[in-house]
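Per-entry structural report
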Amino acid sequence: MCNTDYDYPSVYRKDYIRARKQHTCSECKGYIAPGDTYQYTFGVWDGRADVFKTCIHCCVPQRWLLEECDGFLHGDLYSEILEHAQVGVSND
């Protein structure tokens, strides 16, 4: 269920910054407005650099997955949360 069986990045940096212009959240595809604080993540996976900009709202399920599964895949947050929700419903 948890997608934490992956290669960890060789470089990883996460900061919370205030937007100077509009961005799109890498998770929910919603807008990050100028003045909003968002999570900026830079990493290098398998020699390929990538950047993820995550709105504050999507940081909440990220933290939950970190606690429950010891990690998450950037850009795939909602399919992981949906999978947890479906398993929870089928176990009832």
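To keep things clear, this report deals only with the structure shown in the data block.

Cut-off values and rules
Residues numbered from 1 in each chain as written. Predicted model: local features only at pLDDT ≥ 70, side-chain atom pairs only at ≥ 80, totals over all residues. Heavy atoms only, no water. Helix = DSSP H or I, 4+ residues; strand = E, 2+ residues; numbered from the N terminus. Buried < 20%, exposed > 50% of the residue type's maximum accessible area, 1.4 Å probe, protein only. Polar contact = N/O pair within 3.5 Å; in protein donor to acceptor, adjacent residues only side chain to side chain.

1. Side note on the environment of His-84
With respect to the helices, strands and loops of the structure, His-84 is situated in helix 2 (residues 77–90). Residue His-84 is classed as buried on the basis of its relative accessible area, which comes to 13%. As for His-84 and Leu-65, which are separated by 19 residues in sequence, their C-alpha atoms are 9.6 Å apart. Within the structure, His-84 has its side chain in polar contact with the backbone oxygen of Glu-80 (distance 2.9 Å).

2. Some points on unusual backbone geometry
In the Ramachandran plot, Asp-46 falls in the positive-phi region, its phi being about 50° despite a non-glycine side chain. On the basis of relative accessible area, Asp-46 is assigned to the exposed category, the value being 72%. With phi around 65°, Asp-70 is a residue other than glycine that occupies positive phi space. Within the secondary structure, Asp-70 sits in the loop between helix 1 (56–69) and helix 2.

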